[in-house]
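Reading the structure
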Amino acid sequence: MHPFASYVLRSYYRATGWNEDNLYANLTRSSTAILDFSVPRGLHLSISKAPNGFFNTSYSMNAMPSLNGSVGYIFTSCDLDVGSSGSVRFKDMVERFKVYDQPRRPEGKEEEWLAGERVDKRDYLLYGRLYLPTGRLDALYSTRLSSTLQALVAAISDPRSTLLSEKRSRGDNVSNIMFSLQHDVGKWCSEYTYSAEDGMWGVRVLHNFGKLRNPTEPPEDLNLSPGTRPKRVDEEEATGGGLKGRVSAGAEFYISAKERSAGVSTGIRFTTLPDATPPSFQIPPPSSSPLAQSSRSPPSQPPTTITALFNPMMGHISAAYAARVTRDLSMCSRFDFNIYSYDSEWTMGAEWWMRRAASNEDEVEPPLAPTEQPSVPDPRVEFNSTDTPSDIHGVVKAKISTNNNVSLMWEGRLKQMLVSLGFVSDLSSRSKPIKAIGLELSYFSAG
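Residues numbered from 1 in each chain as written. Predicted model: local features only at pLDDT ≥ 70, side-chain atom pairs only at ≥ 80, totals over all residues. Heavy atoms only, no water.

**Some points on the overall build of the protein**
In plain terms, the rule: Numbering of helices and strands starts at the N terminus; helices are DSSP runs of H or I of at least 4 residues and strands are runs of E of at least 2. When accessible area is computed with a 1.4 Å probe and restricted to protein chains, residues below 20% of their type maximum are described as buried, those above 50% as exposed, and intermediate ones as partly exposed. Using the Shrake-Rupley algorithm and a 1.4 Å probe, accessible areas are obtained, with residue cover drawn only from the displayed protein chains.
When helices and strands are tallied, the protein shows five helices and 21 strands. The burial tally for the protein puts 40% of its 447 residues in the buried class. By element, 59% of the accessible surface of the protein is carried by carbon and sulfur atoms, the whole surface being about 24500 Å².

**Description of the pattern of salt bridges**
What counts here: Salt bridge criterion: a side-chain nitrogen from Lys or Arg within 4 Å of a carboxyl oxygen from Asp or Glu.
The full count for this structure, using the stated rule, is 14 salt bridges. A salt bridge links Asp328 to Arg327; the shortest N-O distance between them is 3.6 Å. Residue classification places Asp328 among the buried residues on the basis of a relative accessible area of 15%. Two residues, Arg334 and Asp336, come together in a salt bridge whose shortest N-O distance is 3.4 Å. The exposure class assigned to Arg334 is buried, which follows from its relative accessible area of 14%. Salt bridges here are not isolated pairs; linked through shared partners, they connect Arg10, Glu20, Asp21, Arg29 and Glu95.

**Some details on the packing of aromatic side chains**
Here is the rule: Two aromatic rings from Phe, Tyr or Trp, using only the six-membered ring of Trp, form a pair when their centres are within 6.5 Å; if the ring planes differ by under 30 degrees the pair is stacked, by over 60 it is edge-to-face, and anything between is tilted.
Summed over all chains, the structure comprises nine aromatic pairs. Aromatic side chains Phe55 and Tyr73 sit 6.0 Å apart centroid to centroid with 20° between the ring planes, which places their arrangement in the stacked category. In this pair, Phe55 is assigned in strand β2 (residues 55–62) and Tyr73 in strand β3 (residues 68–76), connecting sequence segments 18 residues apart. The exposure class assigned to Tyr73 is partly exposed, which follows from its relative accessible area of 40%. Judged by centre distance (4.4 Å) and plane angle (40°), the ring pair of Tyr194 and Trp201 falls under tilted. Classification of Tyr194 as partly exposed rests on a relative accessible area of 25%. By the ring-pair criterion, three or more aromatic residues cluster together here, those being Phe4, Tyr7 and Phe444.

**Focus on the nonpolar core**
Note the cut-off: Among buried residues, the Ala, Val, Leu, Ile, Met, Phe, Trp, Tyr and Cys ones that are joined through side-chain atoms within 4.5 Å form a nonpolar core.
Formed by 27 residues in total, the largest nonpolar core has its most connected members in Tyr7, Tyr12, Phe90, Met93 and Phe444. Elements with a minimum of two residues in this core: α1 (4–16), β6 (124–132) and β18 (392–401). By residue number, the principal contributor to this core is α1, which donates seven residues. Core analysis: the next-biggest nonpolar cluster, separate from the first, contains six residues, Ile34, Leu35, Val99 and Cys332 among them.

**Concerning the pairing of strand β12 (residues 245–256)**
To keep it simple, the criterion reads: A pair of strands is considered paired only if DSSP assigns at least 2 bridges between the two.
Pairing of strand β11 (residues 200–208) with β12 involves nine bridges; the strand directions are antiparallel. The partner of Arg204 across the bridge, within β12, is Glu252. Relative to strand β13 (residues 261–272), β12 runs antiparallel, the two being bridged by twelve bridges. Looking at β13, one finds that Gly250 is bridged to Gly267. Hairpin connection of β12 to β13: four residues between the antiparallel strands, including Arg260 at a positive phi of 55°.

**Quick notes on the environment of Ile317**
Note the threshold: In this analysis, two residues are considered to be in contact whenever any of their non-hydrogen atoms come within 4.5 Å of each other.
Structurally, Ile317 can be placed in strand β15 (residues 316–324). In the structure, Ile317 is positioned 21 residues away from Asn338 in sequence and 6.2 Å away in space, judged by C-alpha atoms. Excluding residues within four positions of it along the chain, Ile317 makes contact with Leu309, Phe310, Phe335, Asp336, Phe337 and Ile339.

**Considerations on the side chain of Arg355**
Selection rule: Under the rule applied, a polar contact is a pair of N or O atoms within 3.5 Å (in protein, one hydrogen donor and one hydrogen acceptor; residues adjacent in sequence only if both atoms are side-chain atoms).
Tracing the backbone through its elements, the reader meets Arg355 in strand β17 (residues 344–355). Given a relative accessible area of 16%, Arg355 falls into the buried group. Engagement of the side chain of Arg355 in a polar contact is seen with the side chain of Asp328, the distance being 2.4 Å. One polar contact links Arg355 to Asp391, side chain to side chain, over a distance of 2.5 Å.

**What about unusual backbone geometry?**
Here the bond from Leu132 into Pro133 is cis, since omega is 5°, no more than 30 degrees from zero. One non-glycine residue, Arg260, lies in the positive phi region at around 55°. You can see Arg260 is positioned in the loop between β12 and β13. According to the relative accessible area criterion, Arg260 is exposed, its value standing at 79%. Positive phi values are uncommon outside glycine, yet Tyr342 reaches one of about 65°. Secondary-structure assignment places Tyr342 in the loop between β16 (329–338) and β17.

Next comes the structure, spelled out in structure tokens:
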């Protein structure tokens, strides 16, 4: 389950038109959502409140294995409608398998001029969280410098790290400040980072092959015959036979003169084209016509994402294959191998969406009136004509690997509360087969 702060940050990105998915760091997001989900440890309770669209507060408490908590505040320049835990779209609160749409150039804020001077302000987000009783402080500042540039500053202040030098040798979090500059033009996206604690500089680059989609223009032809859909841009360059999709490739390089270390990695991703046309682009034929029956046929190709990563200095190779095999079931398999030590691991996982029984009102959608014109949708919204606001009420995630670890988690909504329940098991241990078990309860409201 996304923490409330992460949910607000993603809402801020959507409101400002920033595409966070077009980053090299998120290249494997689809497979990671199925295979690397985080199971709660112990008992965790989170309560958040949004007095208005600009200010949000969050309080959390961990009752097990030790009693501690935190207090967080978020302030944005955008009037965000975060809703409540009882009404928010459930899929927006869960990291999940998803086939992302065509890359696009980020949308900038419309300029406002008064008496020959620009009066509009840059969008920004401020976040801070204080942990008790340790006194650790986390902070984040994000701002849009232009339509294609975004700057982030993240800081960690831990009073204990200045007193306990052994924390560094254990690799624990220490006081640090990090700077990041992201430049996204759609086809290319680059990120430049600097970490003050170890003096590390980093560069990440991602390139998307194929054409871009212009978010400000509707499809070229909306006057389509009944039951047909407009041609996707990438389909013009897709080869015949097999899965049709697009390819993205990227790399990262980082170096630290202070630590006298460096690293590099490369990655590639293949993603199928979204098969279904957004519902607002479809002009439904009469229910009695043969085209109406054919329009309900399953997609011609399953939503699929294939990724491969290679770190030549560490000798690590990772390849993953994720696909949605049915409407509610997605599966993923990943193989990790080290060419130096010959260590390998095979991980398999799945996520299954739980739905309520559909009512008669949900099964049939009224067609557009003859005089109505289909509206142009917001390109930042994911279209799924099979979902209704109250349809999905939970998801089950499971994974197993060759190192004998098994993880199982259920996430759902009970009344006005979001709930996560899961455990991690080690099948090779007879004395302690359950490594971790936890329950997380989250509630937030607006107004």
